[in-house]
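Here is what each chain is made of, one letter per residue.
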Amino acid sequence: SLGAQRVVALGLGDDQDADGPETGYKAWEPLVWKALGVDAVEVQEAEPEPITNEHIKVASQYLRGTIAEGLVDTTTGALAPSDTQLTKFHGIYQQDDRDIRDERVAQGVEPAYSFMIRVRMPGGVCRPDQWLQMDQIADEHGCGTFKITTRQTFQFHGVIKRHLKSAIQDINRVLLDTLAACGDVNRNVLVSAIPSLSKLHHQAFEFAKRVSEHLLPRTTAYHEIWLDKKLVAGDALKDAEPLYGEFYLPRKFKVAVAVPPTNDVDLFANDVGFIAIVGKDGNLVGFNVTAGGGMGVTHGNKKTYPRLGSVLGFCTVEQGVEVAEKIMLVQRDNGNRDDRKNARLKYTIDRMGLENFKAEVERLLGYHLAPAQPFTFDRNVDDYGWHTGEDGKHHFTCFIENGRIQDEPGKDFKTCLREIAKIHKGTFRMTANQHVIIADIATEDLPQIKALLAQYKLDTLSHTGLRLSSSACVAFPTCGLAMAESERYLPILIDKVEKICEENGLRNDSIVMRMTGCPNGCARPYIAEIAFVGKAPGTYSMLLGGGYHGQRLNKIYRETVTEPEILAILTPMIKQYALERQEGEHFGDFVIRAGYIAPTTEGRAWYDRMGGEGQHREGATAA
């Protein structure tokens, strides 16, 4: 209308192409340069900007991507690489069987792809009918076993692509789901299991559910893709994320609720923690709020470190959900989106400064947090065996080694829990240490439950204190991040270390030992008294000195150890602990007092062990 002349035809790109409009643009761009007379000018090609998770999220139409198309593609057992980043938000990780990876490469076939599905289950509480459904899903769609995670929920491994949709529909059929069990959003909210404090557990559990529901993504993609809730044309474009926006968070976000004196959820290892404060009448009056905890580390990268959460102040129960939201929003707007290894809330707080971070949270809240209330933690392990709650209901905490629900010779625990679920009228509670509480048993139902526990030997609690206090992540063969064995190896290592404990009269002493197959820290190794972090097959970093109630980070004692070295180090150390420990002293306290490692503080100080370049401590003498 202004008389302009078209110099080149309109370019048309297809946004349904795998690379969006790029294909059409590449054909059109040379025509522009030609029209402008600069097509003969030689220019040095710039490196294309790499496609990052941020690009994938914003281009995904609120977590849709091409997941639906990938599910019906029968030419491969995998999904498109960009979709495997998006499925995490739906509670799904693509994996392959690493035990046979090399063999399949030699055969010239693709890896044996399968998927891990994680359930969202705030507080780790499920009904018997839900347990039975999980048991059935493991048999029909998974590898026949399922895992209780360190975030109080279920994981299924070995689900092949064509079973994904039906497995997720089965989970939703019993009113559970997998949305936001993984991904750059708020994950499963933890709650102390506290079997003897029935009223407090109920109040903390209800609060955790409110936090989980409030911070849940609002996209309709989950129901559309997995539950076949068809949308009217154009509805996808109307999707909105009032809290997250189209970029979601820079990285995962974890919340926990602990009821002192039990810190079984390792509250300080979470992005946000709520420490329950109880009034004189025994009711919950509010929470001390912590922020900035996190376990993930990258080997050799000094910019990454574990950090314990810092106490910000006190809020009432009514304020709690809003406080969690505002902390998350400050992280959303200030977190590092350029480097995922430096994107967690702990780094945001250290970069902004704790006081500045707190001030920003309070600005969004519109009020100041009250001063923190006194509290005391005394353990982060589970209370095994029978307990009776204030309401007269009974609870039994079972020991499930590393959370693996399976049938083994002489230990048919999967069958046992299935049979209990058929008659149980109460609930099941998962613990953050990967064990199960059969909860809310009426007195008249005790004989039946006890008989089943005895029949299948699940009532056996004669394990050593070391084994009862141990924990391991999955690692090989399914986890794509694993550098070393963990779940399959830790029980074997404990067999050998517990003999050292028994020889020194420490059979029943609780020593928290944890192992992970990589430095990402799923089993929260950096606050264990003894920890092993995988570096290569059979090789681990050895860390010592974590706090028994999750209040202190450990430090690296040896950069690289194998099993013979582990036993050679622990034998004299445990003997000395048995001879010299003081009243009330735990193993983690002892190794510091005895000079095996120097005391540590939060955050970056964890890496001060390097003392400049490479001068790490090699033992008591050097320390």
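Criteria and cut-off values
Residues numbered from 1 in each chain as written. Predicted model: local features only at pLDDT ≥ 70, side-chain atom pairs only at ≥ 80, totals over all residues. Heavy atoms only, no water. Phe/Tyr/Trp six-rings, centres within 6.5 Å; stacked < 30°, edge-to-face > 60°. Helix = DSSP H or I, 4+ residues; strand = E, 2+ residues; numbered from the N terminus. Buried < 20%, exposed > 50% of the residue type's maximum accessible area, 1.4 Å probe, protein only. Lys NZ or Arg CZ within 6 Å of the ring centre and 35° of its normal. Core = buried A, V, L, I, M, F, W, Y, C linked by side-chain atoms within 4.5 Å. Contact = heavy atoms within 4.5 Å. Pairing = 2+ DSSP bridges. Expected span 1.5 Å × (residues − 1). Arc of directions from axis to C-beta. Domains from an automatic or database assignment. Buried area = accessible area lost by both parts, 1.4 Å probe. Salt bridge = Lys/Arg side-chain N within 4 Å of Asp/Glu carboxyl O. Polar contact = N/O pair within 3.5 Å; in protein donor to acceptor, adjacent residues only side chain to side chain. Nonpolar A, V, L, I, M, F, W, Y, C, P; charged D, E, K, R; others polar. Right-handed = clockwise from strand over helix to strand, strands pointing away. Axes fitted to C-alpha atoms, helices over the stretch in contact; angles between N-to-C directions. Parallel < 35°, antiparallel > 145°, perpendicular 65-115°, else oblique. Left-handed = near helix turned anticlockwise from the far one by under 90°.

Chemist: Let's hear about the packing of aromatic side chains: which residues, and what values?
Modeler: For the structure shown, the criterion picks out 22 aromatic pairs. Ring geometry for Tyr-489 versus Tyr-540: centroids 5.9 Å apart, planes at 15°, classification stacked. Here Tyr-489, found in the loop between β18 (470–472) and α17 (490–503), pairs with Tyr-540, found in strand β21 (residues 539–544); they are 51 residues apart in sequence, far enough to count as distant. Here Tyr-540 falls in the buried class, since its relative accessible area comes to 2%. Ring pairs connect the aromatic residues Trp-131, Phe-146, Phe-154, Phe-156 and Phe-428, which therefore count as one cluster. Over the ring of Trp-386 we find Lys-450, and its NZ or CZ is 5.2 Å from the ring centre. The ring of Tyr-577 has Arg-581 lying over it, and the distance from NZ or CZ to the ring centre is 5.3 Å.

Chemist: Which residues make up the nonpolar core, and what are the values?
Modeler: Judged by nonpolar contacts, the single largest core of 98 residues is most densely connected at Trp-131, Phe-156 and Ile-327. Take this core: its biggest share by element is eight residues, from helix α11 (residues 317–334). For Trp-131, the residues in contact, after removing those within four places along its chain, are Cys-126, Phe-146, Phe-154, Ile-405, Leu-417, Arg-418, Ala-421, Phe-428, Met-430 and Val-436. Ile-530, Tyr-540, Met-573 and Ile-574 belong to the second largest nonpolar core, which has 33 residues in total.

Chemist: So, the sheet that holds strand β10 (residues 310–316): which residues are in play, and what are the values?
Modeler: Read from one edge to the other, the open sheet built from five strands follows the order β6-β7-β8-β9-β10, with strand pairing classed as mixed. Each edge of the open sheet is held by one strand with a lone partner, namely β6 (190–191) and β10.

Chemist: Any chance you could break down helix α13 (residues 354–365) for me, citing the residues and the numbers?
Modeler: An ideal rise of 1.5 Å per residue puts 16 Å on 12 residues; α13 measures up with 16 Å between its terminal C-alpha atoms. Those residues of α13 that sit buried are Phe-357, Lys-358, Val-361, Glu-362 and Leu-365. Down the axis of α13, the smallest arc covering the buried residues is 135°, so these residues share one side. Opposite its buried face, α13 presents the exposed residues Asn-356 and Arg-363, each directed more than 90 degrees away. Buried residues in α13 make contact with β9 (284–291), β10, α11 and α12 (345–352).

Chemist: Describe the domain arrangement of the protein chain, and please don't skip the residues or the numbers.
Modeler: Assigned domains of the protein chain: these are domain 1 (385–463) and domain 2 (466–616). Here domain 1 and domain 2 have C-alpha centroids that lie 29 Å from each other. Contacts between domain 1 and domain 2 engage 11 residues on the former and 11 residues on the latter. Both faces combined, the contact of domain 1 with domain 2 buries some 1100 Å², and carbon together with sulfur accounts for 38% of it. A per-residue breakdown of the area domain 1 buries against domain 2 is headed by Glu-401, Asn-402 and His-463, which together make up 47% of the total. Across the contact surface, domain 1 and domain 2 share two salt bridges. Measuring nitrogen to oxygen at the nearest pair gives 2.8 Å for the salt bridge that ties Arg-404 to Glu-487. In this structure, the connection of domain 1 to domain 2 is made through seven residue pairs in polar contact (both at pLDDT 80 or more). Residue composition of the side of domain 1 that touches domain 2, by class: three nonpolar, six polar and two charged.

Chemist: Would you mind going over the environment of Ile-117 in detail, with residue names and values included?
Modeler: Residue position: Ile-117 is located in strand β2 (residues 113–118). As a C-alpha pair, Ile-117 and Asp-412 span 295 residues in sequence and 23 Å in three-dimensional space. The contact partners of Ile-117, leaving out residues within four places of it in the chain, are Gly-91, Ile-92, Phe-154, Gln-155, Phe-156, Val-159, Leu-164, Ala-167, Ile-168, Ile-171 and Thr-178.

Chemist: Would you mind going over the pairing of strand β19 (residues 513–516) in detail, with residue names and values included?
Modeler: Taking every second residue as pointing to the same face, both faces of β19 are buried, with Met-513 and Met-515 on one and Arg-514 and Thr-516 on the other. Once the chain exits β18 it traverses α17 before rejoining the sheet at β19, and the crossover so formed is left-handed. Bridge analysis of β19 against strand β20 (residues 530–536) gives four bridges, and the strand direction is parallel. Paired with Thr-516 across the two strands is Val-533, which belongs to β20.

Chemist: Residues and numbers for the packing of α17 against helix α18 (residues 563–580), please.
Modeler: Each pair of packed helices can be described by the angle between their axes along with the distance between the axes. Two numbers describe how α17 lies on α18: the axes approach to 10 Å, and their chain directions differ by 20°. Classified by the interaxial angle, the pair formed by α17 and α18 is roughly parallel. Regarding α17 and α18, the two cross each other, and that crossing is right-handed. Of α18, the residues touching α17 (which contributes Leu-493, Lys-496, Val-497, Ile-500 and Cys-501) are Glu-563, Ile-566, Leu-567, Leu-570, Thr-571 and Ile-574. Of the residues belonging to the contact of α17 with α18, the class tally is eight nonpolar, one polar and two charged.

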